[in-house]
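Structural overview for review
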Protein chains: 2
Amino acid sequence: MACAVDPSSNKNSLLMLPERVKKITRIPASWWAYAWSIGREDQRRAIHALKVGTALTLVSLLYILEPLFKGVGKNAMWAVMTVVVVLEFTAGATICKGLNRGFGTVIAASLAFIIELVAVRSGKVFRGFFVASSVFLIGFAATYLRFFPSIKKNYDYGVVIFLLTFNLITVSSFRQENILPLARDRLSTIAIGCAICLFMSLFVLPNWSGEDLHSRTAHKFEGLARSVEGCVNEYFRDQEKHDNILDKQTSRASIHTGYREVLDSKSSDESLAHYASWEPRHSMQCYSYPWQKYVKLGSVLRHFAYTVAALHGCLESEIQTPTSVRSLFRTPCTRVAREVTKVLQELADSIRNHHRCAPDVLCDHLHEALQDLNSAIRSQPRLFLGSKHGSANSRMLMELNSSKHATSRTALPSFKTDTASILERKNTKADQPSERSERSTLGRTLSKIAITSLEFSEALPFAAFASLLVEMVVRLELVIEEVKELERAANFKEFTRHDHLTIDITCKEEKRNNDGVRLGSHTVSPAAE
Amino acid sequence: MACAVDPSSNKNSLLMLPERVKKITRIPASWWAYAWSIGREDQRRAIHALKVGTALTLVSLLYILEPLFKGVGKNAMWAVMTVVVVLEFTAGATICKGLNRGFGTVIAASLAFIIELVAVRSGKVFRGFFVASSVFLIGFAATYLRFFPSIKKNYDYGVVIFLLTFNLITVSSFRQENILPLARDRLSTIAIGCAICLFMSLFVLPNWSGEDLHSRTAHKFEGLARSVEGCVNEYFRDQEKHDNILDKQTSRASIHTGYREVLDSKSSDESLAHYASWEPRHSMQCYSYPWQKYVKLGSVLRHFAYTVAALHGCLESEIQTPTSVRSLFRTPCTRVAREVTKVLQELADSIRNHHRCAPDVLCDHLHEALQDLNSAIRSQPRLFLGSKHGSANSRMLMELNSSKHATSRTALPSFKTDTASILERKNTKADQPSERSERSTLGRTLSKIAITSLEFSEALPFAAFASLLVEMVVRLELVIEEVKELERAANFKEFTRHDHLTIDITCKEEKRNNDGVRLGSHTVSPAAE
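Residues numbered from 1 in each chain as written. Chains lettered and ligands numbered in written order. Predicted model: local features only at pLDDT ≥ 70, side-chain atom pairs only at ≥ 80, totals over all residues. Heavy atoms only, no water.

Chain A is annotated in an unreviewed UniProt entry as Aluminum-activated malate transporter from Triticum aestivum. In the Sequence similarities (unreviewed entry) part of its UniProt record, chain A is described as follows: "Belongs to the aromatic acid exporter (TC 2.A.85) family." Regarding chain A, the UniProt comment filed under Subcellular location (unreviewed entry) reads as follows: "Membrane". (UniProt positions renumbered as here; feature names shortened; annotations may be inferred.)

This is the structure in structure tokens:
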């Protein structure tokens, strides 16, 4: 009604029309941009899609070209199916699936043949009964087998194909006298399909699971290095100076990404290592490559990443040591973090370049940095007593103890802000009136606990932070040990001083370039080397 | 040679023969026992295997029974294939796969039909070219589409089936004039297969992904409760009293299992929630159930579990506060842990029983326990100064500061043991002589850093432990908030005091029973309620 009366709105909607049309025409463009971004992220995706298209076209030629069709016949369908199902992103996965499919088919065909031998001499009714019961039994056994962890991990697909082939052959043998040609045709067409898949994945721009795993491992080290550096910088950042929330969010997100990749890498590492173990080594070394060491290194890295996650937790925690106190330890903590970052970066480089890392990778600098942190903590004993009034000169503990009870009930301004923000957050969320009474009870309890927590010695959170830093160094040792083991097992090139210098220079140059690119995206302090 | 000369060894090998035979005959028995254990662990596995066997037998009847075979004919093969591939462990997964297969086939058939319409009027050569290029294009596009995260997550299987069907129909249409019957037969047999799968998974002893997710969530809470309790007990355990290494290992392993399940649950949670969203709700509530809230709760729980992992890290750490110091805080810390455990257990119970949890679940006891811990820490200010000589009476900081330098180079006995064990571990591992020089350099550096770390204020590790406990309580608030949100969204039964009492009594009874069973497996102190 209002529309009919108001001519301006009608006019508006007419004026809006071209814009709407524009909006609709923009949808395919945005889809196209999205699709393009997926390919840009990893160009191997587009290449793989092209490879699948080519393989399918090749296999279709079995049908389309007259001479080929005469040879294979209608069974070419099985070759098409094999290509669709077997051709995977990496060479290892394709080989694994192809072999599973091949062996599954062969075993199923043999078993079906044996059953056929028994069934062929009996009457129709007994035969039907026999076939049905063998289908039931094999179906039960194969499905149950798939729950075995070792089968599930390595041969799950093979068992499915076994079950499929067995059923197809056994059941069709019931209506067809001689199943041998059926089994033979199926086998040969599957072999053709597998051959095309193997050719495409091994010889045409191959993606190796092993290389993926290798570069991911190096990448994880770099991510952790970024996270550690970011965490410590963020912890000691001057809250007043950098009040840009967006900047802060970007920086925290980059910290999160760095270690999160490591924490979430378990299943992808395992499957990559599994597929890599099927791949023929493309280098000259013909011994079995220690892919499982990468998995083990990944698990040690996750162990290290838990500390980084806990360090990140110190940033996000509602209970915080005031900035003024934190800034006392800025230099030694930053130094420890910088040294840890340097070691991680060096390990990443050595893995990436298949070089052994320097024997003194855990260098004296880290040792000195730790000692610095130690003496800094020892020089500020008053911190752990929960008072903020004393100056550096008044060192009498008695005095502190007497003033402790007076100060303990008055929360510090910075703490108050935090408590206020917690309560605020809770209140803004409680918008449904029916649940308000329940929520407010909860709110009261929560706030009480929050305040209690805040009354804790103000240095406790910092102590946790420092302790985590030290713990991180200890875990770094385990990581280095694992890296050395991997390097030995994988026979990396021996370490020479020359490599070290080359890597160092390359790194610095890369860093300079990256800094130029990354300028303004997030504040990673350039390590003074 | 030695074998031939020595008659006793020959005699031995003859005597050993029956034993070897026994050993070989024992192999099937051990396999059987293993298979039995897989089924015992989760009886639904055996039931699922039986269901698959039955479904396959049913679908074989299409071939075996004369009247059915006349109706369906050789295309019954597609029904068999559908059953093998679609029938999954849970109802949701089966529905998801079945619908994906159905829609994939329908879309592919329609597209193939359109292409056929274009191709049918052209010459043989152009037609071959047209079919080959459409196979290439669709193959490329479909494979590329599978890299889109949203497609990969929900419709990956559907796209594979689309590609498969499209190729089969398009390619066979080249040799067969009328593809309509082909497409129709394929569709109808796939529909039969899907119907059998849906019947078996929805109506015969169904396994619901939703129920699985629900009970797993409750189980995670219990695991975390066990881990927290175990961690704190282990931390304050008297090293001399319980020197049984096996006992210690069991206890630590149980801590690890508890939080590890939570940390590793991401992908299984997501897939269960995804499948659950396909399931029809089997209860009376017909609105869409908030399965994604479970995923969110899972991520908050992981956030909580990082703290538990860090707490566990405090146990495993090479740098330890001496037992004598730790024992000063045993009571308050144990109390906080007990209260946290109680809250987690209560949350687990409320989720398991679809009840809302008590509004005062984060009760005053926890608040008091935190305050206790706070005052305990404040009452021992000397701890944070890095000396072990002073008694509780001598509180002069000056004296401490002067003695600090004297004590800083003499590591405590307990620390020494740890350092020695690190070095020992390193040395026993370094068994390859060629690498010994490199390793010993590393060893020296490592040990230097280890010793530096150990010189840190001896209370620092404990401060981290206490801080993590407090942080855990803060994160517990977030968990409770998320649980309340889930309870509201899923419309759990309102909380009544009666429930609370019933649950309480049931819990106590269960606990008593469990304690009876678990006696001796690991030392979880019975919570004094």
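Take the overall build of chain A next. If you tally the helices and strands in chain A, you get 22 helices and zero strands. Split into buried and exposed, the 529 residues of chain A put 51% on the buried side. Long-range pairs, those at least 24 residues apart, make up 81% of the contacts in chain A with a sequence separation of at least 6. When the accessible surface of chain A is summed, it comes to about 25200 Å², and 62% of that surface belongs to carbon and sulfur atoms. (Helix = DSSP H or I, 4+ residues; strand = E, 2+ residues; numbered from the N terminus. Buried < 20%, exposed > 50% of the residue type's maximum accessible area, 1.4 Å probe, protein only. Contact = heavy atoms within 4.5 Å. Areas by Shrake-Rupley, 256 points an atom, 1.4 Å probe, with all protein chains shown as cover.)

A separate point is the UniProt feature "transmembrane region" (unreviewed entry) in chain A. Feature annotation in UniProt assigns "transmembrane region" (unreviewed entry) to the following positions: residues 46–65, 103–120, 126–145, 157–175 and 187–206 of chain A. Segment residues 103–120 of chain A splits into 94% helix and 0% strand. End C-alpha atoms: 25 Å apart.

With 22 residues, helix H7 (residues 124–145) of chain A should cover 32 Å at 1.5 Å per step; its first-to-last C-alpha distance of 31 Å lies within 8% of that length. Those residues of H7(A) that fall on the buried side of the exposure criterion are A:Arg127, A:Gly128, A:Val131, A:Ala132, A:Ser134, A:Val135, A:Ile138, A:Gly139, A:Ala142, A:Thr143 and A:Tyr144. (Expected span 1.5 Å × (residues − 1).)

Moving on, we come to the pattern of salt bridges. Charged atoms that come close allow side chains of opposite charge to pair. Taken as a whole and judged by the stated rule, the model has 34 salt bridges over all chains. As a salt-bridge pair, A:Asp42 and A:Arg44 come within 2.9 Å of each other at their nearest N and O atoms. Its salt-bridge partner being B:Asp156, residue B:Arg146 comes within 2.9 Å of it at the nearest N-O pair. A residue pair is termed long-range when its members are at least 10 positions apart, and B:Arg146 in the loop between helix H7 (124–145) and helix H8 (149–173) and B:Asp156 in helix H8 qualify at 10 residues. B:Asp156 sits in the buried class, given a relative accessible area of 19%. In this structure, a network of salt bridges that share partners links the residues A:Asp42, A:Arg44 and A:Asp212. (Salt bridge = Lys/Arg side-chain N within 4 Å of Asp/Glu carboxyl O.)

Looking now at a positive patch on the surface. Taken together, the side chains of A:Arg20, A:Lys22, A:Lys23 and A:Arg26 define a basic patch exposed on the protein surface. With respect to the helices, strands and loops of the structure, A:Lys23 is situated in helix H2 (residues 7–41). (Patch = residues over 30% accessible without salt bridge, like charges linked within 9 Å, V, L, I, M, F, W, Y side chains within 5 Å. Lys, Arg positive; Asp, Glu negative; His and termini not counted. Charge placed at Lys NZ, Arg CZ, Asp CG, Glu CD.)

With that settled, the discussion passes to the domain arrangement of chain A. All names here are of chain A. Under the domain assignment used here, chain A contains domain 1 (34–201) and domain 2 (207–279 + 287–382 + 453–495). Both faces considered, domain 1 and domain 2 share a buried interface measuring about 1100 Å² in area, 58% of it formed by carbon and sulfur atoms. Summed over the three residues of domain 1 that lose the most area to domain 2, namely Arg44, Thr90 and Cys96, the buried surface amounts to 36% of that side. Summed over the shared surface of domain 1 and domain 2, the number is one salt bridge. A salt bridge links Asp212 to Arg44; the nearest nitrogen and oxygen atoms lie 3.5 Å apart. The interface formed by domain 1 and domain 2 holds six residue pairs in polar contact (both at pLDDT 80 or more) in total. Within the residue set of the side of domain 1 that touches domain 2, elements represented by two or more residues are helix H6 (91–119) and helix H8 (149–154). Sort the elements by how many residues they give to the side of domain 1 that touches domain 2 and H6 lands first, with six residues. (Domains from an automatic or database assignment. Buried area = accessible area lost by both parts, 1.4 Å probe. Polar contact = N/O pair within 3.5 Å; in protein donor to acceptor, adjacent residues only side chain to side chain.)

Residue and element names in this part refer to chain A. With respect to the secondary-structure elements, Glu222 resides in helix H11 (residues 209–235). Of the residues examined, Glu222 reaches a relative accessible area of 18% and is grouped as buried. Not counting chain neighbours up to four residues away, the residues in contact with Glu222 comprise Gln345, Ala348 and Arg352.

A word on a nonpolar patch on the surface. Residues and elements named next belong to chain A. Taken together, the side chains of Phe113, Leu117, Val118 and Leu180 define a hydrophobic patch exposed on the protein surface, amounting to about 350 Å² of accessible area. If you tally residues by element for the nonpolar patch, the top one is H6, at three residues. By the secondary structure assignment, Leu117 is in helix H6. Given the relative accessible area of 47%, Leu117 is considered partly exposed.

Looking now at the packing of aromatic side chains. When we look at a pair of aromatic rings, we describe it by the centre distance and by the angle of the planes. Residues and elements named next belong to chain B. Taken as a whole and assessed by the stated rule, the structure comprises 28 aromatic pairs over all chains. Between Phe140 and Tyr144, the ring centres sit 5.9 Å apart and the planes meet at 20°, which makes this aromatic pair stacked. With Phe140 and Tyr144 both in helix H7, this residue pair falls four residues apart, about one helical turn. On the accessibility criterion, Phe140 (24% relative accessible area) is partly exposed. (Phe/Tyr/Trp six-rings, centres within 6.5 Å; stacked < 30°, edge-to-face > 60°.)

Residue and element names in this part refer to chain A. For the pair helix H13 (residues 266–276) and helix H14 (residues 291–316), the least separation of the axes is 8 Å and the interaxial angle reads 170°. In terms of orientation, H13 and H14 fall into the roughly antiparallel class. For the pair H13 and H14, the contacting residues are Lys266, Asp269, Glu270, Ala273 and Ala276 in the first and Trp291, Gln292, Val295, Gly298 and Arg302 in the second. Class assignment of the residues belonging to the contact of H13 with H14 gives a composition of four nonpolar, two polar and four charged. (Axes fitted to C-alpha atoms, helices over the stretch in contact; angles between N-to-C directions. Parallel < 35°, antiparallel > 145°, perpendicular 65-115°, else oblique. Nonpolar A, V, L, I, M, F, W, Y, C, P; charged D, E, K, R; others polar.)

Its location among the elements puts A:Glu66 in helix H4 (residues 66–72). For the pair A:Glu66 and A:Pro359, spaced 293 residues apart in the sequence, the C-alpha separation amounts to 66 Å.

It is worth spelling out the packing of H11(A) against helix H21 (residues 460–489) of chain A at this point. Relative orientation and spacing of two packed helices are given, respectively, by the angle between their axes and the distance between those axes. Residue and element names in this part refer to chain A. Where H11 contacts H21, the two axes come as close as 13 Å, and the packing angle between them is 165°. With respect to their mutual orientation, H11 and H21 come out roughly antiparallel. The hand of the H11/H21 crossing is left-handed. Residue-level contacts link Phe221, Val228, Val232 and Tyr235 of H11 to Pro461, Phe462, Phe465, Leu469, Met472, Val479 and Val483 of H21. (Left-handed = near helix turned anticlockwise from the far one by under 90°.)

This next bit is on the environment of A:Gln345. Residue and element names in this part refer to chain A. Inspection of the secondary structure puts Gln345 in helix H16 (residues 330–352). Distance from Gln345 to Arg237, taken between C-alpha atoms, is 23 Å for residues 108 residues apart in sequence. The contact partners of Gln345, leaving out residues within four places of it in the chain, are Glu222 and Ala225.

All names here are of chain A. For chain A, per-residue confidence averages 73 on the pLDDT scale, and 71% of positions sit at 70 or higher. Below pLDDT 50 for its whole length, residues 1–6 participates in one contact with residues either more than four positions away or in separate chains. Per-residue pLDDT stays below 50 along residues 384–456; that stretch engages in 116 contacts with residues further than four places along the chain or on separate chains. As scored by the predictor, the complex reaches a pTM of 0.73 and an ipTM of 0.72. (pLDDT = per-residue confidence, 0-100.)

The next thing to look at is unusual backbone geometry. All names here are of chain A. Phi at His354 takes a positive value of approximately 55°, unusual for a residue other than glycine. Residue position: His354 is located in the loop between H16 and helix H17 (364–378). For His354, a relative accessible area of 32% translates into the label partly exposed. Here the phi dihedral of Asn491 falls at roughly 55°; this positive angle occurs in a residue that is not glycine. Position of Asn491 relative to the elements: it lies in the loop between H21 and helix H22 (497–518).

Taken as a whole, this structure holds zero disulfides over all chains when the rule is applied. Here A:Cys194 is not disulfide-linked; the sulfur of A:Cys197 is the nearest cysteine sulfur, at 6.2 Å. By relative accessible area, A:Cys194 is classed as buried at 11%. Residue B:Cys314 stays outside any disulfide, its sulfur separated by 8.2 Å from that of B:Cys231, the closest cysteine. With a relative accessible area of 13%, B:Cys314 lands in the buried category. (Disulfide = S-S within 2.5 Å.)

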